[in-house]
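If you want the building blocks of each chain, they are given just below.
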Amino acid sequence: MLCASLCCAQKYSNPVLRRDCPDPTILDDRQRSGWFYVYSTQSLSDDTAKAQKDAAAEDESQIINLPVYRSKDLINWEFVADGFPNGRPDWVRNSQLWAPDINYVDGKYVLYYSLGAWAQIFREGSGVAISDSPTGPFTDLGEVVSFKSTGATNSIDANLFIDDDGRRYLFWGSLGPGSGIWAIELEKDGYKPAEGARKKHLGATNMEGAYVHKRNGWYYLFTSKGSCCNYEKSTYRIVVARSRNVMGPYAGPDGKRLTSGSFDNVIMHGDQDKQFVGTGHNTQILTDDAGQDWMAYHSYWKGNGYSSRCLSIDKLIWTEDGWPYFEGSEPGVETDVPVIIQKGN
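I will try to describe carefully the structure that is included in this document. No experiment lies behind these values; they were computed from the predicted model shown. (Residues numbered from 1 in each chain as written. Predicted model: local features only at pLDDT ≥ 70, side-chain atom pairs only at ≥ 80, totals over all residues. Heavy atoms only, no water.)

1. Describing the overall build of the protein
Secondary structure summary: the protein contains two helices and 25 strands in total. Relative to the 2.2 N^0.38 estimate, which gives 20 Å for 345 residues, the radius of gyration of the protein is 18 Å and therefore close to what a compact globule would have. Reported as C-alpha extents along the three principal axes, the dimensions of the protein are approximately 55 × 50 × 45 Å. For the protein, buried positions account for 57% of its 345 residues. (Helix = DSSP H or I, 4+ residues; strand = E, 2+ residues; numbered from the N terminus. Rg over C-alpha atoms; globule rule 2.2 N^0.38 Å. Buried < 20%, exposed > 50% of the residue type's maximum accessible area, 1.4 Å probe, protein only.)

2. What to know about the packing of aromatic side chains
Summed over all chains, the structure comprises 15 aromatic pairs. When the centroid spacing of 6.2 Å and the interplanar angle of 50° are considered together, the rings of F84 and F138 count as tilted. You can see F84 sitting in the loop between strand 7 (78-82) and strand 8 (96-105) and its partner F138 sitting in the loop between strand 10 (125-131) and strand 11 (139-146), a full 54 residues away along the chain. Assessed through its relative accessible area of 3%, F84 is described here as buried. An aromatic cluster of three or more residues is present, and its members are Y39, F84, W91, Y113 and F138. Against the face of Y104 rests R32, its NZ or CZ located 3.6 Å from the ring centre. Directly above the ring of W318 sits R215, whose terminal nitrogen or CZ lies 4.1 Å from the centroid. (Phe/Tyr/Trp six-rings, centres within 6.5 Å; stacked < 30°, edge-to-face > 60°. Lys NZ or Arg CZ within 6 Å of the ring centre and 35° of its normal.)

3. Things to note about the environment of D288
Looking at where D288 falls in the secondary structure, it is placed in the loop between strand 21 (285-287) and strand 22 (293-301). Judged by relative accessible area, which is 5%, D288 ranks as buried. Sequence separation between D288 and D82 is 206 residues; the distance between their C-alpha atoms is 27 Å. For D288, the residues in contact, after removing those within four places along its chain, are W294, P338, V339 and I340. A polar contact is formed between the side chain of D288 and the side chain of Q292, at a distance of 2.7 Å. One polar contact links the side chain of D288 to the main-chain amide nitrogen of V339, over a distance of 3.0 Å. (Contact = heavy atoms within 4.5 Å. Polar contact = N/O pair within 3.5 Å; in protein donor to acceptor, adjacent residues only side chain to side chain.)

4. Re the nonpolar core
Ranked by size, the top nonpolar core spans 20 residues in total, and within it W77, L311 and I313 carry the most contacts. For this core, the secondary-structure elements that each account for two or more residues are strand 3 (35-39), strand 22 and strand 23 (309-318). Residues contacting L311, with those up to four places away along its chain left out, are P15, V16, L17, R19, C21, P24, V38, W77, A296 and Y297. In this structure, A204, A241, M247 and F263 belong to the second largest nonpolar core, which totals 19 residues. (Core = buried A, V, L, I, M, F, W, Y, C linked by side-chain atoms within 4.5 Å.)

5. Observations regarding the pairing of strand 23
Side-chain positions along a regular strand alternate between the two faces of the sheet. Where burial is concerned, most of strand 23 is hidden: eight out of the 10 residues are buried. Pairing analysis gives eight bridges linking strand 22 to strand 23, with the strands arranged antiparallel. Within strand 23, the position partnered with S299 by the bridge is C310. Bridge count for strand 23 against strand 24 (residues 324-325) is two bridges, and the pairing is antiparallel. If you follow W318 over to strand 24, its bridge partner there is P324. With antiparallel pairing between neighbouring strands as the criterion, strand 23 and strand 24 make up a hairpin whose turn holds five residues, including G322 at a positive phi of roughly 85°. (Pairing = 2+ DSSP bridges.)

6. Describing the sheet that holds strand 10
Read from one edge to the other, the open sheet built from four strands follows the order 8-9-10-11, with strand pairing classed as antiparallel. Single-partner strands in this sheet number two, and they are strand 8 and strand 11. Between one strand axis and the next, the sheet turns through 25° on average, direction left out of account. Here strand 8 pairs with strand 9 (residues 108-116) via eight bridges, running antiparallel. Bridged to Q96 within strand 9 is G116. (Axes fitted to C-alpha atoms, helices over the stretch in contact; angles between N-to-C directions.)

This is the structure in structure tokens:
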């Protein structure tokens with residue numbers, strides 16, 4: 001069994017999962033199963049440096065298509081399943097499974113995912129799969145967005161947002177010409193774009209990994225900028241903008257719009273001594289039992305020679321005027337653990 005074992009009483013240090021865990025997404029499933037779950041881009045079972053370029057292995061048996069880990073406290077994680085044990089979806093030929101997004105909706109575990117192929121921005125797309133269990137197996141329902149269906153290149157990194165009125169939106173997109181961050185309203189079931197819906201461009205072409213969170217009437221759009229996958233030379237960082245309308249426009253504290261290539265309202269970056277680099281592709285916001293918000297993301301770690309993107313997590317704090325930030329804007333070391341009250345067994 002693959003596992004992460006950290007000895008922590010009141011403090012913890014990043015990364016919390018010291019193996020390949022790129023593009024993570026977290027589900028708080030405590031009310032149903034009693035666990036938190038994290039899912040990531042496909043990786044290799046032996047966690048070698050080959051895990052880079054998203055586990056492009058000649059031997060498919062070495063690949064975990066959809067790695068699923070679980071935790072009771074958000075700090076100690078153990079591997080529990082491959083969410084696609086019988087093979088990943090293949091409606092994009094010769095592709096890899098990237099950047100999952102998990103939600104529990106209408107009694108089902110709903111997983112959005114991307115089928116990617118490096119530097120083939122006209123072939124990639126994002127799909128959806130469902131399961132009765134957080135660990136799968138997931139049943140694929142096929143494509144939701146792609147270049148062919150939407151005209152947006154690099155149609156990866158899908159993120160589902162459900163508004164207070166129940167309307168569902170998909171945010172997606174990545175780096176490069178014709179891409180950036182896009183949004184479109186979905187059908188009521190969330191599996192296809194709504195009839196007649198038109199996509200809207202919300203983030204510049206040097207951004208990817210969108211995540212939307214609503215708080216006090218504001219919609220916050222978190223994205224990542226910079227190079228994601230260049231080992232110790234990676235420049236990935238998390239930025240955030242907000243809007244009063246789910247479909248934007250989104251802007252930073254200085255009024256600059258997220259569609260500007262120079263937008264750089266950074267809330268998380270690597271540290272000065274390069275203990276952590278490439279900090280980005282954040283997860284959903286989770287709230288602990290003390291009312292504190294937490295956000296996970298991946299980063300390269302000097303401790304394993306920058307060989308893979310590990311899982312880190314930090315407390316997300318809010319200013320009085322409603323802007324989120326991380327203490328010091330870099331991964332925490334010797335930080336207070338989340339307050340999680342264990343119930344039952």
